[in-house]
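Analysis of the macromolecular model
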Amino acid sequence: KTAQTVERKLGLELLNNKDSRAYSHLDKGVLADEEDRAAKVRAALLEQNWQHVNSALSSLTSSEKLQPKWQYWLARALHENGNKEQARAVYANLAKDRSYYGFMAADTIKTPYQITDIPVKLKTDELEKLAEQPNFKACWEFKWLSKDLEARRQWQFAIKNLPKEKLPVAAKLAQQWRWDQIAITTLVKADYWDDLGLRFPLNFLSDVQTSAEKHQLDAALIYGLIRQESMLDPYAVSSVGALGLMQLMPQTARTVANTLHEPWRSNSDLFIPGLNIHYGGYYFKDLLNHFGGHIAVAGAAYNAGPGRAKKWLPVSSTVPADIWIETIPFKETRKYVSTVLSYAMIYQHRLKKGNMKLKDLLRDIGPG
């Protein structure tokens, strides 16, 4: 038992350092929970041994196996091991999912993305009646007085007492008040996922398009970053002090301003949407240039810092981008990169453009 525990610890440590010897240790170790079982699959992907991938996938629980992530890797493993018909059937089923893995599956079998959009249906006067309720009136007054913290607290209190079927109506009210972040989180509480206009708003469109043109980026990609970073809240402040729509650290923004020979007045300038998107677009493009045009690596650098992203690059041979993303050592950054990419595809649909495919953005990644 002690030996197995040591093997597990060693395997996890090697995986964290992107060392392909991780699998052999995890295979001998005791796998305590879902995190450990997932780590074993990632270790098998790191060594690109598809028999090992299959074996690691078979040690997942039956409910874990049904997750889009593991369905995607099951299809990949089936294909790599020569079971192409079976792989196609798994991909075809997964391609119905509106997610990073669903879009990757759709690209693999060359089918269109399934992007369902079913707006919340409102009865006549339903919004007005809700806005007239005392709890929501108080919320609006706080908002009107620019007492943001009190307004948010009041909103949470107001929706706590609402029946679940009324939450989508509340989300629409928040949208009407141009309170995107609140609208999105309220809709999540309602378990309503298909109103894309509400979940993926197109506010700040001209600022996004200006930045996209200036920095030669796709507008959908900038929106993907904004949606993941701040849920389109221009006044967002993170626990580490990142500010505004694209969650820029003031030091980073100051460096960008100096590079562009633009005046830097104060950190609070980052709450100006146009400026934040301009600097955020420049910074992302700079990361993209630095990492050879690899969107996945630039995304990882935007989230975890360029130093870490550089450390995660392959050492000797090229690695398929989907494997590189899946084996990023930080769980938060893995999720971040895949989410930004899937949001970019959804925003492309919202912007009524259809020329960008996820697979096209994800070339193999070579040594740094």
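Before going into details, it helps to say that this report is about the structure given with it. Bear in mind the structure is a predicted one, so any value in this text is a computation, not a measurement.

Okay, the pattern of salt bridges next. Proximity of charged atoms lets side chains of opposite charge pair with each other. Applying the stated criterion across every chain, the model contains 16 salt bridges. One salt bridge connects Glu 126 with Lys 166, and the closest N-O pair in it is separated by 3.1 Å. Placement of Glu 126 in helix H9 (residues 126-132) and of Lys 166 in the loop between helix H11 (148-160) and helix H12 (167-176) is noted, with a sequence separation of 40 residues between them. A salt bridge links Lys 137 to Glu 132, with the shortest nitrogen-to-oxygen separation between them at 3.4 Å. Each of the salt bridges in this network shares a partner with another, and the network as a whole consists of Arg 76, Glu 80 and Asp 322.

Bringing the side chain of Arg 199 into the picture now. By secondary structure assignment, the location of Arg 199 is in helix H14 (residues 196-199). One polar contact links the side chain of Arg 199 to the main-chain carbonyl oxygen of Trp 193, over a distance of 3.0 Å. Among residues more than four places away in sequence, those in contact with Arg 199 are Arg 98, Ile 184, Leu 187, Tyr 192, Trp 193 and Arg 227.

For the rest of this paragraph, the subject is unusual backbone geometry. Negative phi is the rule for most residues except glycine; trans is the rule for most peptide bonds. Not every positive phi belongs to a glycine, and Phe 204 is a case in point at roughly 60 degrees. The topology assignment puts Phe 204 in the loop between H14 and helix H15 (205-215). A positive phi angle, near 50 degrees, is found at Gln 247, a position not held by glycine. When you line up the elements, Gln 247 lands in the loop between helix H16 (219-230) and helix H17 (250-259).

Moving on, we get to the packing of aromatic side chains. In total, this model carries 18 aromatic pairs according to the counting rule given. Between Tyr 100 and Tyr 101, the ring centres sit 4.8 Å apart and the planes meet at 75 degrees, which makes this aromatic pair edge-to-face. Take Tyr 100: its relative accessible area is 4%, and that puts it in the buried class. With 5.1 Å between their ring centres and 45 degrees between their planes, Trp 140 and Trp 177 make a pair best called tilted.

Look at helix H6 (residues 68-80) against helix H8 (residues 100-108): their axes get within 8 Å of each other, and the N-to-C directions meet at 25 degrees. In terms of their interaxial angle, H6 and H8 are classed as roughly parallel. Judged by the sense of rotation from one axis to the other, the crossing of H6 with H8 is left-handed. Facing H6, whose interface residues are Pro 68, Lys 69, Tyr 72 and Trp 73, H8 presents Tyr 101, Met 104 and Ala 105. Here the contact of H6 with H8 is composed, by residue class, of 6 nonpolar, no polar and 1 charged.

A few words on the nonpolar core. Core analysis: the largest hydrophobic core is formed by 99 residues, its most contacted members being Trp 73, Tyr 302, Trp 324, Leu 341, Leu 358 and Leu 362. Among the elements that make up this core, the one with the highest residue count is helix H22 (residues 331-350) (9 residues). In terms of nonpolar packing, the next biggest core, distinct from the first, is built from 23 residues, Trp 155, Leu 167, Leu 173 and Ile 182 among them.

How each quantity is defined
Residues numbered from 1 in each chain as written. Predicted model: local features only at pLDDT ≥ 70, side-chain atom pairs only at ≥ 80, totals over all residues. Heavy atoms only, no water. Salt bridge = Lys/Arg side-chain N within 4 Å of Asp/Glu carboxyl O. Helix = DSSP H or I, 4+ residues; strand = E, 2+ residues; numbered from the N terminus. Polar contact = N/O pair within 3.5 Å; in protein donor to acceptor, adjacent residues only side chain to side chain. Contact = heavy atoms within 4.5 Å. Phe/Tyr/Trp six-rings, centres within 6.5 Å; stacked < 30°, edge-to-face > 60°. Buried < 20%, exposed > 50% of the residue type's maximum accessible area, 1.4 Å probe, protein only. Axes fitted to C-alpha atoms, helices over the stretch in contact; angles between N-to-C directions. Parallel < 35°, antiparallel > 145°, perpendicular 65-115°, else oblique. Left-handed = near helix turned anticlockwise from the far one by under 90°. Nonpolar A, V, L, I, M, F, W, Y, C, P; charged D, E, K, R; others polar. Core = buried A, V, L, I, M, F, W, Y, C linked by side-chain atoms within 4.5 Å.

Geometry only, nothing functional implied.
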